[in-house]
Amino acid sequence: MRLGSGTFAACCVVIQVLGVALFLRGFFPAPIRSSSRTEHQAEPPAPEPSAGDRSNWTKLPPPLFRKVVIMLIDGLRDDFVFGSKGVKFMPYTTYLVEKGASHSFVAEATLPTVTMPRIKAMMTGSLPGFIDVVRNLNSPALVEDNVITQAKAAGKRIIFYGDETWVKLFPKHFVEYDGTTSFFVSDYTEVDNNVTRHLDKVLKRGDWDVLILHYLGLDHIGHVSGPSSPLIGHKLREMDSVLMKIHTSLLSEERDTLVPNLLVLCGDHGMSEAGGHGASSMEELNTALILISSAFERKPGDIRRPKHVQQTDLAATLAIGLGLPIPGNSVGSLLFPTVEGRPVREQLRFLHLNAVQLSKLLQENVPSYTKEPGFEQFKMSERLHGNWIRLYLEENNSEVLFNLGAKVRRQYLEALRTLSLSLSRQVAQYDIYSMLVGTVMVLEVLVLLLLSMPQALSNKAELEVPLWSPVFSLLFYLVFLVLSALHVIVCTSAESSCYFCGLSWLTAGGVMALISALLCAVVSALAKVFADGRLLRKNPAHPKARWSELDVLILLGTLGHVLSLGASSFIEEEHQTCSDHKAELSVLAALSLFVIFVLVQRRCSLTSKVAMALGLLGVYCYRAAIGNVLFPWQRDSKDISKGVIEARFVHVFVLGILFTGTKDLLKSQVIAADFTIKTVGLWEIYSGLVLLAALLFRPHNLPVLVLSLLIQTLMTKFIWKPLRHDAAEITIMHYWFGQAFFYFQGNSNNIATVDVSAGFVGLDTYMEVPAAFLTAFATFAGPVLWASHLVSFLSSETRRGPAAKRSLHRPEGLLTRWPCPVLSQEAPSGSTCGSALSHACFCYALTCSFPVSAYIILVTSLRHHLFIWSVFSPKLLYEGMHVLITAAICVFFTAMDQTNTKS
């Protein structure tokens, strides 16, 4: 069956997307889980060890606190509280840290540093999987053991106000709640007022046991303006006043009940110097954690410096404080300062419960758990604890008893630390089988694309695809039977869970058939290559392909891109560009918008030119409205708004330009109009995307957009046309420039550099689909704009006559000059030389397949590397997105190629 090279490439990339998705599902594993406890049934607590079996401490200890208030400030990194900003803007909190009855900690989060996984870590004590960075967009209900579920089961009444992520994670757990969306980052005022407005009435009531408040304003300010914004100070001062209100209310209540309460001030993650989060910088990982209670006695002159602990330690501490079982999946340790004021027997009881829980988790997830140092330390601690109980029951106040108690306490704390480290190392198990199946699919597609290059990039831009012969061949059935047998063996003998084994047998059989068919197609293509090689040896007069300087450059560039994927320090040291002062930035932004209009409007219709001019004017007005730039008559930025009206004004012109371009495309097809109309339509779609990018880019990135357009103009006039590069070379150059401008606009292989605020330009409320589209477009604007420019350029050039066609498909470069009989002949004058867009689609697919195939192999071999989650895993997600975008581009190229053929 003969297929156009574009259609063939599009199909290959779609298959590759499936392979990458399967690999990602296996690479991002599920964390370790405890099988001994479910959501609805908890096993009885471990009894106190006793050498003489005379201890009656077999139940859970009573709660340490009557009420618990958790005040979570999103994005509260540690220096906002313990640094100079805390001293300046949070005086009451600083007083409590330095002189009050409190314990202060720097809680170290783990990747990914986004809200939903961090809430899970604090409430379950477990380390969420890295794939939770994706699930953060739509949090599913949390089914694993956690403090909130245990508190509800114990009959405690829980009230929540704030980020609706909690409501999604814990549905039907709160007796009263009011959720606010966390993704509408343009709002940093109402989103917190909606929480604080409930405080007065709730603090006066006594019908609750746990109150959770999640404030989002600080994080939203960071996303929009960064941690150095003056708005940060105002928000910290507001949070300090809220903390003071809660604390004074709890103290007033304690005077009547004489039972201590607990106030927890914490952050879920920090924020980078650019204001984002999600990666592994110290500013994103380190958060403030303060436990405040009258139970924490403090002597005069007692200076307590914040200690570094793990964020997962909070779950065990809250469980002990509320008299609940420690969550079964917790890898955290009890924050011992919270119980150091209790009697020694109670201290050892709390430490023993924590050690038993960690040791059980270790036994269920590590086959050789008896050889783990932490398990040995735990058993020794338990024996010493039993001896201490025996002495305690015989005589209470001897010095021997005191010294032994201190020794047991140290032994338990060391055992807890070692057990926690051992579990953290074992926290994830890779699904090797799913990874292997996905890798095979990706590599088969890459090999098939490489073997198909001579035909796909030939003058006819077509190739013979053996669709039926592989399916009805003996090799196909043999491979299919072998793979099916291996699937049965792996899935019946696998000790751990496997995603691919969890699929239905029909679906798994379909994947096996696809892999078998691809393998047969690869074998068939190899046989054809060998046959063509023998034919060339019999025909020595056939000219051989030679490597030009451009061919060498393209090859070296592709290999360099592949090799750079293995770098770790390179990604760790990437930095964001900084903006200038506001006056200079205003001039630069205005000049950039003017140059954008000059470069883009030249091929637009009159209507689109007017719309483009008004739209770019609206872009400047929007940036002035939100305070990024100034109008000439504006001296300060007092009148700052959200710019919703101005942004929507630009959106109208973007949609208008896109509608005009689409109308011209349809018109050229329906009524068979002149091809010039189609060329104008494609350019207008491109110009509409440029206008949208200008709206979403930060002002200091507008010059980057100008440079992108300027390079496109210069390359078109002075490189691609005069030097007569073929379509394959032009496509690869567009691909490289798109990748380059992805980084030039401030992106990196780091999740924290994603500009979330771009998704809410023009929105006054949270709408998931528009916000996701705008964020994705702003992030990948470089590759998208260069791809849209490519389709416009190739579509226009292939209709300029025979000379242009020969320049785009000339059989002179290595990429389109292959040793086959078809290409050894000169194309007749005026004949079509195949489809440039088909060549472009194929080259896009092939160029993208190289790095993703290499990187899949790389991360598989480096899955135990120190930086696997901080460096390589985020990069893997970006490579997956590039494959998805390439698939969309190939489908669009193929559609345009079909319309070219019809017209």
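Please read all numbers here as calculations on a predicted model, not as lab measurements.

### What to know about the overall build of the protein chain
Phase 1 of the analysis: The secondary structure content of the protein chain amounts to 36 helices and 10 strands.
Phase 2 of the analysis: Put simply, the protein chain has 903 residues, and 55% of those count as buried.
Phase 3 of the analysis: Expressed as a percentage of contacts within the protein chain between residues at least 6 apart in sequence, the contacts between residues at least 24 apart total 78%.

### Some details on the packing of helix α26 (residues 582–600) against helix α27 (residues 606–625)
Phase 1 of the analysis: Viewed as axis vectors pointing N to C, α26 and α27 meet at an angle of 165 degrees, and their least axial separation amounts to 10 Å. Relative to α27, the element α26 lies roughly antiparallel. α27 is crossed by α26, and the crossing has right-handed handedness. From α26, S586, A589, A590, L593, I596, F597 and V600 reach across to α27, where they touch K609, M612, A613, L616, V619 and Y620.
Phase 2 of the analysis: Here the contact of α26 with α27 is built from residues that sort into 11 nonpolar, 1 polar and 1 charged.

### A short note on the state of the cysteines
Phase 1 of the analysis: Taken as a whole and assessed by the stated rule, the structure comprises 1 disulfide.
Phase 2 of the analysis: In this model C491 forms its disulfide with C501; the gap between the sulfur atoms is 2.1 Å. The sign of the S-S torsion, about -85 degrees, decides the handedness of the disulfide formed by C491 and C501: left-handed. Placement of the pair is C491 in helix α21 (residues 474–493) and C501 in helix α22 (residues 499–502), with a sequence separation of 10 residues.
Phase 3 of the analysis: For the unlinked cysteine C11, the closest cysteine sulfur is that of C12, found at 7.0 Å.

### A closer look at the pattern of salt bridges
Phase 1 of the analysis: This model, assessed by the stated rule, comprises 19 salt bridges.
Phase 2 of the analysis: Residue R342 is joined to E346 by a salt bridge in which the shortest nitrogen-to-oxygen separation is 2.9 Å.
Phase 3 of the analysis: Relative accessible area serves as the criterion here: at 35%, R342 is assigned to the partly exposed category.
Phase 4 of the analysis: A salt bridge links K379 to E382; the shortest N-O distance between them is 3.7 Å. Here E382 and K379 lie together in helix α16 (residues 373–394), a separation of 3 residues that amounts to about one turn.
Phase 5 of the analysis: Judged by relative accessible area, K379 falls into the partly exposed class, the value being 33%.

### Concerning the packing of helix α4 (residues 91–98) against helix α12 (residues 230–257)
Phase 1 of the analysis: In the contact formed by α4 and α12, the axes pass within 7 Å of each other and the chain directions differ by 55 degrees. By the criterion of interaxial angle, the relationship of α4 to α12 is oblique. Together, P91, Y92, T93 and L96 of α4 and D240, L243, M244, H247 and T248 of α12 make up the contact between the two elements.
Phase 2 of the analysis: Across the contact of α4 with α12, the residue classes tally to 5 nonpolar, 3 polar and 1 charged.

### Looking at helix α35 (residues 836–861)
Phase 1 of the analysis: Look at α35: 38 Å from first C-alpha to last across 26 residues, which is about the 38 Å you get at 1.5 Å a residue.
Phase 2 of the analysis: Counting buried positions over the 26 residues of α35 gives 20, a clear majority of the element.

### Observations regarding a nonpolar patch on the surface
Phase 1 of the analysis: On the surface, a nonpolar cluster with roughly 470 Å² of combined accessible area is contributed by L606, V610, L614, L617 and F649.
Phase 2 of the analysis: Per element, the largest residue contribution to the nonpolar patch is 4 residues, and it comes from α27.
Phase 3 of the analysis: Here V610 lies in helix α27.
Phase 4 of the analysis: Taking the relative accessible area as the measure of exposure, V610 reaches 44% and is therefore partly exposed.

### Describing the sheet that holds strand β3 (residues 102–108)
Phase 1 of the analysis: Ordered by their spatial adjacency, 8 strands build an open sheet running β5-β4-β6-β2-β7-β8-β3-β9, and the pairing between neighbours is mixed. A single partner strand is all that each edge strand has here, and the edge strands are β5 (176–180) and β9 (307–310). Taking the axes of each pair of neighbouring strands and ignoring which way they run, one obtains an average angle of 15 degrees across the sheet.
Phase 2 of the analysis: Bridge count between β3 and strand β8 (residues 286–292): 7 bridges; the pairing is antiparallel. Bridge pairing in β8 places E108 opposite N286.

### Some remarks on the nonpolar core
Phase 1 of the analysis: By size, the foremost hydrophobic cluster in this structure holds 87 residues, and its most contacted members are F27, F500 and F842.
Phase 2 of the analysis: Broken down by element, this core gets its largest block of residues, 14 residues, from α35.

### With respect to the packing of aromatic side chains
Phase 1 of the analysis: In total, this model carries 27 aromatic pairs according to the counting rule given.
Phase 2 of the analysis: When the centroid spacing of 5.1 Å and the interplanar angle of 15 degrees are considered together, the rings of W388 and Y392 count as stacked. Of this pair, W388 and Y392 both sit in helix α16, 4 residues apart, which is roughly one turn of that helix.
Phase 3 of the analysis: With 5.6 Å between their ring centres and 70 degrees between their planes, Y433 and F500 make a pair best called edge-to-face. Residue Y433 is located in helix α18 (residues 432–451), and its partner F500 is located in helix α22; the two are separated by 67 residues in the primary sequence.
Phase 4 of the analysis: Y433 gets classed as buried once you look at its relative accessible area, which sits at 14%.
Phase 5 of the analysis: When the ring centre of W208 is taken as origin, the NZ or CZ atom of K67, which lies over that ring, is 4.2 Å away.

### Description of helix α30 (residues 702–720)
Phase 1 of the analysis: In this model, α30 (19 residues) spans 25 Å end to end at C-alpha, consistent with the 27 Å of a helix rising 1.5 Å per residue.
Phase 2 of the analysis: The largest bend along α30 measures about 30 degrees and falls at L714.
Phase 3 of the analysis: Among the residues of α30, L702, P703, V704, L705, V706, S708, L709, Q712, T713, M715, T716 and W720 are the ones counted as buried.

### Observations regarding unusual backbone geometry
Phase 1 of the analysis: The omega torsion of the bond from L111 to P112 falls at -5 degrees, within 30 degrees of zero and hence cis.
Phase 2 of the analysis: Along the chain, the position of P112 falls in the loop between β3 and α5 (115–124).
Phase 3 of the analysis: One non-glycine residue with positive phi stands out, namely K172, at about 65 degrees.
Phase 4 of the analysis: Considering the arrangement of structural elements, one finds K172 in the loop between α8 (165–169) and β5.
Phase 5 of the analysis: A relative accessible area of 80% means that K172 is categorised as exposed.

### Remarks on the environment of L258
Phase 1 of the analysis: By the element assignment, L258 lies in the loop between α12 and β7 (262–266).
Phase 2 of the analysis: For L258, a relative accessible area of 72% gives the class exposed.
Phase 3 of the analysis: Between the alpha carbons of L258 and R66 there is a distance of 9.6 Å; along the sequence they are 192 residues apart.

### A few points about the confidence of the model for the protein chain
Phase 1 of the analysis: When pLDDT is averaged across the protein chain, the result is 83; 85% of the residues are at 70 or more.
Phase 2 of the analysis: Segment residues 572–579 is flagged for pLDDT under 50; beyond a separation of four residues in sequence, or across chains, it makes 13 contacts in the model.
Phase 3 of the analysis: Under a pLDDT of 50 for its full length, residues 809–834 has, in the predicted model, 69 contacts with residues more than four places off or in other chains.

### Regarding the side chain of K156
Phase 1 of the analysis: Considering the arrangement of structural elements, one finds K156 in the loop between α7 (147–153) and β4 (158–163).
Phase 2 of the analysis: One buried charged residue, K156, remains without a salt bridge, the closest side chain of opposite sign being D209 at 5.2 Å.
Phase 3 of the analysis: Excluding residues that lie within four positions of it along the chain, K156 makes contacts with P63, A151, D209, L322 and L324.

### Things to note about the environment of D209
Phase 1 of the analysis: Structurally, the position occupied by D209 is in the loop between α10 (199–204) and β6 (210–215).
Phase 2 of the analysis: When the C-alpha positions of D209 and I159 are compared, they lie 8.2 Å apart, and in sequence the two are 50 residues distant.
Phase 3 of the analysis: Every residue in contact with D209, bar those within four places of it in the chain, is listed here: R66, K67, V68, G155, K156 and R157.
Phase 4 of the analysis: Engagement of the side chain of D209 in a polar contact is seen with the backbone nitrogen of R157, the distance being 2.8 Å.

Conventions we followed
Residues numbered from 1 in each chain as written. Predicted model: local features only at pLDDT ≥ 70, side-chain atom pairs only at ≥ 80, totals over all residues. Heavy atoms only, no water. Helix = DSSP H or I, 4+ residues; strand = E, 2+ residues; numbered from the N terminus. Buried < 20%, exposed > 50% of the residue type's maximum accessible area, 1.4 Å probe, protein only. Contact = heavy atoms within 4.5 Å. Axes fitted to C-alpha atoms, helices over the stretch in contact; angles between N-to-C directions. Parallel < 35°, antiparallel > 145°, perpendicular 65-115°, else oblique. Left-handed = near helix turned anticlockwise from the far one by under 90°. Nonpolar A, V, L, I, M, F, W, Y, C, P; charged D, E, K, R; others polar. Disulfide = S-S within 2.5 Å. Salt bridge = Lys/Arg side-chain N within 4 Å of Asp/Glu carboxyl O. Expected span 1.5 Å × (residues − 1). Patch = residues over 30% accessible without salt bridge, like charges linked within 9 Å, V, L, I, M, F, W, Y side chains within 5 Å. Areas by Shrake-Rupley, 256 points an atom, 1.4 Å probe, with all protein chains shown as cover. Pairing = 2+ DSSP bridges. Core = buried A, V, L, I, M, F, W, Y, C linked by side-chain atoms within 4.5 Å. Phe/Tyr/Trp six-rings, centres within 6.5 Å; stacked < 30°, edge-to-face > 60°. Lys NZ or Arg CZ within 6 Å of the ring centre and 35° of its normal. Bend = angle between axes of the 7 residues up to and from the residue. pLDDT = per-residue confidence, 0-100. Lys, Arg positive; Asp, Glu negative; His and termini not counted. Polar contact = N/O pair within 3.5 Å; in protein donor to acceptor, adjacent residues only side chain to side chain.

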